[in-house]
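In case you want the letters, here they are:
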Amino acid sequence: MNQNQGVTLIELIITGAIIGILAAIAFPSYEKYVQRTHRSEVIANMSEMAQWLERQYSKNNQYPTAAQSAAQVSAAGTDRYTVAIAFTQTNGRNTDYSITATATGPQTSDSADGQSCATLTLTAIGNQTPAACWN
């Protein structure tokens, strides 16, 4: 008896369809995981920056200038977020700050609980917005 030991075209098409379905399910989950990881990284960097600012306030009774904190700002950014800091002045002294991370590239579609996480903000009094993105 002569037996064929090949794979039929139908078997190849079914295998390809199964792989396509699995990829269609897995890729969006992976993409969300990567976005959450980058968000967690920039949140940790922003928290470190806030701690540095508070140490400077403890030493000098005021927050540093934008020029003095430029190195901290550049270190807090990532390849998917741009970080900026804004100071509030009272009588010529920096008395308040707001750290903002703005998403770039594919990170702009990141969301948590239906809220966009494209812009994250941390203030001197500890306000973290949007709250759903900080969990």
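Residues numbered from 1 in each chain as written. Predicted model: local features only at pLDDT ≥ 70, side-chain atom pairs only at ≥ 80, totals over all residues. Heavy atoms only, no water.

Draft legend 1. View of the state of the cysteines. In the structure shown here, the tally under the stated rule is one disulfide. The disulfide bridge from Cys117 ends at Cys133, spanning 1.9 Å between sulfur atoms. Negative torsions about the S-S bond denote left-handed disulfides, and the value of about -90° found for Cys117 with Cys133 makes this one left-handed. On the criterion of sequence distance, the pair formed by Cys117 in the loop between strand E4 (115-116) and strand E5 (119-123) and Cys133 in the segment after strand E6 (128-129) is long-range, its members being 16 residues apart. (Disulfide = S-S within 2.5 Å. Helix = DSSP H or I, 4+ residues; strand = E, 2+ residues; numbered from the N terminus.)

Draft legend 2. Structural detail: the nonpolar core. Among the nonpolar cores identified, the biggest contains 25 residues, and Met49, Leu53, Ile99 and Leu120 are the most heavily contacted of them. When residues of this core are traced back to their parent elements, those giving at least two are helix H1 (9-60), helix H2 (70-76), strand E1 (81-90), strand E2 (93-103) and E5. In terms of residues, this core owes the most to one element, H1, which gives seven residues. Setting aside its immediate chain neighbours within four residues, Met49 contacts Gln72, Val73, Ala76, Val83, Ile85 and Ile99. (Core = buried A, V, L, I, M, F, W, Y, C linked by side-chain atoms within 4.5 Å. Buried < 20%, exposed > 50% of the residue type's maximum accessible area, 1.4 Å probe, protein only. Contact = heavy atoms within 4.5 Å.)

Draft legend 3. Molecular detail of the pairing of E2. Two elements, E1 and E2, share 10 bridges in a ladder whose sense is antiparallel. Bridged to Val83 within E2 is Ala101. Adjacent in sequence and paired antiparallel, E1 and E2 are bridged by two residues, among which Asn91 carries a positive phi angle near 55°. In the sheet, E2 pairs with E5 via five bridges, with the strands oriented antiparallel. Residue pairing across strands places Ala101 opposite Leu120, the latter belonging to E5. (Pairing = 2+ DSSP bridges.)

Draft legend 4. Summary view of the side chain of Gln56. Structurally, Gln56 is set in helix H1. In this structure Gln56 touches Asn61, Gln62 and Pro64, once residues within four positions along its chain are discounted.

Draft legend 5. Representation of the pattern of salt bridges. For the structure on display, the rule yields one salt bridge. Taking the shortest distance from any N to any O, the salt bridge between Asp110 and Arg39 comes out at 2.7 Å. On the criterion of sequence distance, the pair formed by Asp110 in the loop between E2 and strand E3 (111-112) and Arg39 in helix H1 is long-range, its members being 71 residues apart. Owing to a relative accessible area of 6%, Arg39 belongs among the buried residues under this scheme. (Salt bridge = Lys/Arg side-chain N within 4 Å of Asp/Glu carboxyl O.)

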